[in-house]
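What the coordinates show
Take a look at the letters that make up each chain.
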Amino acid sequence: MKVKHASLAAGVSLSMLCSSHVAWAQSDQGARPTQPDDPAPPPGGRNSDAAAQETQDDVIVVTGIRASLESAARIKRDSDQVVDSIVADDIGKFPDSTVAAALQRVPGVQVLVGTTSQIDDPLVRGLEDIETTLNGREAFFGTSRGFEFQYLPAEVLAGADVYKSNTADLIEGGVAGYINLKLRRPFDFEDGLTIAGSARATYSIKAEQVSPSASVLVARRWETGIGDVGVLLNGAWSSNYFNRPIAYVGSGRSSEFAGSPAAGSNAYLPGNFGAVTEAGVYQIPQVNFAVQWEATPELEVLVDGLWTANRRSYLIGRTTYNLFDASSITNIQTDENCVNARVDSNGYFDPNSTTVQSLCRASSLTANEVETNVRSEAQHRTEDLFIGGVGLEYESGRFLGTLDVSAQHSTAINEGFIFGVGEIIDSVAITTEDDGSFNARASGDALSDPSVYTVVGGYYEYRERWFNDQYAIKADGKYDTDGLLDYLQAGLRFTDRDVGYRRAAGGPGSPAAGDYVVPVSSLGFGDDFYEYTAVQENNDGAEYAVPSRAALFDADVQQTIREFYNYPKPENDPAAGFDASEKVYAGYLQGRYEVPVSDAIRIDGLIGARLSKVDRQISGAGTVNGEVVPVERSTSETDALPNASARLGLGPNFQMRATYGRTVSRPPFSQLDPGLSYVPVTDQDPDVIGSGDAGNPDLRSQKADAFDLTAEYYFSRGGYIAVGGFYKSIKDRVVNEVRRETIDTRQYDINRPRNIGSANLYGVELSTQFFFDFLPGALSGFGMFGNYTIVESEVTTETDRLYGYPLQGVSRDNWNLGLIYEQLGLNGRLVYTYRSSYFDYDLSGAGSTVHEDEIFLNWVKPNGRLDFSVGYDITPMMTVSVDGTNLTGAKYVNYQGYEYNWSSVRNDDTTLSAGIRFRF
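Heads up: these notes are all about the structure in this document. Here the residue numbering is sequential within each chain, running from 1 through the sequence in written order. With pLDDT at 70 or above as the cut-off, local features in this predicted model cover only qualifying residues; side-chain atom pairs require 80 or more to be listed or tallied, and sums for whole chains, interfaces and linings still use all residues. Where side-chain values are given, they derive from all heavy atoms of the structure, hydrogens and water being excluded.

1. Focus: the pairing of strand β44 (residues 902-907)
The rule is simple: take the accessible area with a 1.4 Å probe, protein chains only, and divide by the maximum for that residue type; under 20% is buried, over 50% is exposed, in between is partly exposed. For the purposes of this entry, the term helix denotes a DSSP run of H or I that reaches at least four residues, the term strand denotes a run of E that reaches at least two, and both are numbered from the N terminus. Most of β44 is tucked away, with five of its six residues classed as buried. Both strand β12 (residues 227-249) and β44 contribute to a ladder of three bridges, which runs antiparallel. From the neighbouring strand, isoleucine 246 faces β44, where its bridge partner is arginine 906. Two strands pair if DSSP finds at least two bridges between them. As paired strands, strand β43 (residues 891-896) and β44 are joined by five bridges and run antiparallel to one another. Within β44, the residue paired with valine 893 across the bridge is valine 905. Here β43 folds back onto β44, and the loop between the two strands holds five residues, one of which, glycine 897, carries a positive phi near 75°.

See the structure below:
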């Protein structure tokens, strides 16, 4: 059957402009062809701008926003797995510049906002253990097992599939799920030359900067004497400014201890109050290429590769009021939020103490003659990822075979320099806000005149390097059969991976003359040594002078600081590095069955199993009682991963499916690292509790038995309503735990991962999308989509202290609601995304945060974001658009244990952008 490709309608995004097809083809993994009785498009006057429908040989091709949603619905319907998809136009039409941001619209997918105010890696049903592939090849950064989605521009993708149920042919590694990202290939295009591109400018409200981005694709396809040949080159680049103000309080502390400046108030006080500004710029260059050759009608050859990178330079400007170093704390007012607390001799909460005090939270106070520390951390980070390979596809008769040989290499270098200055200010008034957070008002022009700054504390510098290499070979075969069994699949895969990490870090304590004694001006730095932070909402709208990023990365400035402290540049730390190697052997066998009960009823599905074996070695060192102790581990694991599914089709529009699959997630090497990373506590305050991070070389792989049950009704072309239930029984789930440890006679709260035994996760997903074709005229261009996921989880190991508590990072309620419009050359979307509260750390082992409760968790409050995108088609080949993100000004707000025990507020940015897309 001959298919006529429709000319591209106005309103398509760059990613659709880059292809003459409406939807990218789903892989053979579990797919079935569209049923001939798929519901026809409803009658009605849809404008050609909205659908651009053309017919030849009874084939309808649709382009535009609606086309992308229809394609996603078709993939969902046709798959043997539980899968939700985003096709290229769907990503392009959202106000999202990265894949991570676009994936948050998928039912059950949650996201986090990172340091750069950019949406980071997604979570599937609250779990981060996702196996990610790029055109079927495993993809990850550095020592992790995850892919950093925010570093892949959305423009370069043809689509993304989010698999929530497992099958034997999928690469093992995702207890949460499996995401396959699809890049463009030359044979996606017709014969001839295709050029497409885009340019965009994004204004960041908090950074007060304009960030540019651009992309271009060039593809050519020929018919030659040696077969069809296609080449493609696709590149994208963006420079992104960010500024994320944060306000926080330090570890809670009783006012009642010897020498306390607030003795006699019986109050629960913040140990300190501070403000942080994370500001800077990061650049993301990306290039991918592909060459396809149809050597014979049976044999196709593909050579392709991708390079993507991140270049980030930023400053963390931290200003801290050390309240318990004040000469006195007066005007203390307390509220009704009271606790019975076990405290030690320094006023910190200690679950092992026999001293119990009844304390009420301070709602306001004044700290007098306050020691203030202004500490800047300048950081440069570079990351590079290369993935490339050669693939062969051979098809003859009933047999289809593929062979893929690939390699990937990634490196990351992170270097930073920390230096502290400060002054003693007359007074700071702190009051509680309506949301439970604190606001500080410093007297006079505190921290705005750096000429009075003195040297405070020591300095600290570090240089980290990660490296990773993996080689993989994968062979798959599929044979079509007759009868009950539709086809048989089998495959083998082998990978060899080497990773490593190195760290050089160190710094001295306070200067010999003491803190707040030596003027910074005496070191000879000029006026350009400082820069000003963004306005801090929780610091009475103040901005502060802090040592600048440029100055702290000046080699002469660094050397001057080293000479002042008489401290050498640090060498590699033997307790902060590791090497690991891992070999994985895997094979699978799977069959698809199909039982045509009647013309209206059908049953089909998959039955299979995957067997994998991993051999791993890791060597490094840990710190035990101040001594560096070598650590080596050799492990071998074998996992059998069965799967089964059944789909019942009742008539042309309704189907139900049930699936089962066992999955495994291996711990990332960063969690297996036996090393310890912490910034030493200076002599400025001997009672301060430090913090740090460490790995756990004894972590076990997580395993899960997952069950899904869905019902789906497709009532029009692209319109559907679906409901699904899911249940996961997880063994050896990993959580982060903070515990008090003694290092070099000082106390630190160290964050380490650990296994918690068993846990359950279950819930319900609802999703729908529909279009208002029944409305007259221009109103028929409206459509809506939405999804709602309820996730319940609990730790089921009775001997674990978290028994009965939810899993780390899992929000109970998650939903999206979107309104779309496409008519008369105008297209737009308005989308609201919400996730409810969750906890991200277990603080029960950290004495500074334990009240009378045995369990004490760090909770994140609910968060919702509103985004929009509006475009207009100047010509069928050129579109202009404006977009906005986080119009609600959503914030990350967390608290410890009790909602009134506020910990920090992170102010996420709002952006507005304008751009143009073209093709010729």
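2. With respect to the nonpolar core
Nonpolar side chains tend toward joint burial in soluble globular proteins. Residues Leu103, Leu152, Leu181 and Leu807 are the most contacted members of the largest nonpolar core, which totals 57 residues. When residues no more than four places from it in sequence are discounted, the contact partners of leucine 152 are Thr98, Val99, Leu134, Phe147, Leu157, Leu181, Gln286 and Leu306. Here, nonpolar core refers to any group of buried Ala, Val, Leu, Ile, Met, Phe, Trp, Tyr and Cys residues whose side-chain atoms link them within 4.5 Å. Listed in part, the 51 residues of the second largest apolar core include Ala267, Phe417, Phe419 and Val428. It only takes one pair of heavy atoms within 4.5 Å for two residues to be counted as in contact.

3. Side note on helix α7 (residues 555-565)
Listing the buried residues of α7 in full gives Val557, Gln558, Ile561, Arg562 and Tyr565. Buried residues of α7, seen end-on, are gathered within an arc of 135° and therefore sit on one face of the element. Exposed residues lying more than 90 degrees from the buried face of α7 are Ala555, Asp556 and Glu563. Tucked into the core, α7 has its buried residues touching β19 (399-432), β21 (454-480) and α6 (549-552). Near the N-terminus of α7, the side chain that reaches the backbone nitrogen of aspartate 556, with its oxygen 2.8 Å away, is that of aspartate 554. Following α7 by one or two positions, asparagine 566 has its phi on the positive side, about 55°. Here the arc refers to the set of directions running from the helix axis out to each C-beta atom. Polar contact criterion, stated in full: a pair of N or O atoms within 3.5 Å, where within protein one must be able to donate a hydrogen and the other to accept it, and residues adjacent in sequence count only if both atoms are side-chain atoms.

4. Here's the deal with the sheet that holds strand β3 (residues 83-87)
In space, the five strands of this open sheet follow the order β3-β8-β9-β6-β7, with mixed pairing throughout. Looking at which strands have only one partner, the edges of the open sheet turn out to be β3 and β7 (137-138). Summarising the sheet, strand β8 (residues 157-163) and strand β9 (residues 177-183) pair through six bridges and their orientation is antiparallel. Of the residues in β9, the one forming a bridge with alanine 160 is leucine 181. Only the stretch in contact is used when fitting a helix axis, every axis being a line fitted to C-alpha atoms; angles between N-to-C directions are given from 0 to 180 degrees. Those strands touched by helix α3 (residues 65-78) are β3 and β8, and its axis lies near 155° from that of β3.

5. Examining the environment of aspartate 191
Residue placement: aspartate 191 occurs in the loop between β9 and β10 (192-204). Since its relative accessible area comes to 45%, aspartate 191 is described here as partly exposed. As a C-alpha pair, aspartate 191 and glutamate 223 span 32 residues in sequence and 7.4 Å in three-dimensional space.

6. Digging into the state of the cysteines
Any two cysteine sulfur atoms within 2.5 Å of one another count as a disulfide. Per the counting criterion, the structure on display carries one disulfide. At a sulfur-sulfur separation of 1.9 Å, the disulfide partner of cysteine 338 is cysteine 360. On the sign convention where negative means left-handed, the S-S torsion of about 95° between cysteine 338 and cysteine 360 marks this disulfide as right-handed. Placement of cysteine 338 in strand β17 (residues 328-342) and of cysteine 360 in strand β18 (residues 356-396) is noted, with a sequence separation of 22 residues between them. Looking at cysteine 338, the relative accessible area reads 37%, which means it is partly exposed.

7. Side note on α3
Counted at 1.5 Å a residue, the expected span for α3 with its 14 residues is 20 Å, and the 20 Å between its end C-alpha atoms agrees. Burial within α3 is extensive, with 13 of its 14 residues counted as buried. Residue count minus one, scaled by 1.5 Å, sets the expected span of a helix.

8. A closer look at a nonpolar patch on the surface
Surface patches are drawn from residues lacking salt bridges whose relative accessible area is over 30%; two like charges belong together within 9 Å, two nonpolar side chains (Val, Leu, Ile, Met, Phe, Trp, Tyr) within 5 Å. Each accessible area value is a Shrake-Rupley result obtained with a 1.4 Å probe; residue values ignore everything except the protein chains displayed when judging cover. The rule for a salt bridge is simple: a side-chain nitrogen of Lys or Arg has to be within 4 Å of a carboxyl oxygen of Asp or Glu. Taken together, the side chains of Trp222, Val231, Leu233, Val287, Phe289, Val291, Val303, Val390, Leu392, Leu403, Val405 and Ile473 define a hydrophobic patch exposed on the protein surface, amounting to about 870 Å² of accessible area. Listed by contribution, the elements that provide at least two residues to the nonpolar patch are β12, β15 (273-294), β18 and β19. Mapped onto the secondary structure, leucine 233 falls in strand β12.

9. A look at the packing of aromatic side chains
When the centres of two rings from Phe, Tyr and Trp lie within 6.5 Å, Trp using its six-membered ring, the rings pair. Their planes under 30 degrees apart give stacked, over 60 give edge-to-face, and anything left gives tilted. All told, the structure shown has 34 aromatic pairs when counted by the stated rule. Centroid distance phenylalanine 529 to tyrosine 530: 5.0 Å. Interplanar angle 90°. Geometry classified as edge-to-face. Taken as a pair, phenylalanine 529 and tyrosine 530 share a single burial class, namely buried. Sitting above the plane of the phenylalanine 187 ring, arginine 221 keeps its charged end 4.4 Å from the centroid. By definition here, charges over rings are those cases where NZ of Lys or CZ of Arg is within 6 Å of the ring centre and within 35 degrees of the ring normal.

10. Points about the pattern of salt bridges
Counting across every chain of the model gives 44 salt bridges. The shortest N-O distance in the salt bridge between glutamate 582 and arginine 145 comes to 2.7 Å. Of the two residues, glutamate 582 is situated in strand β25 (residues 578-596) and arginine 145 in the loop between β7 and β8; the sequence distance between them amounts to 437 residues. For the pair formed by glutamate 582 and arginine 145, the shared burial category is buried.

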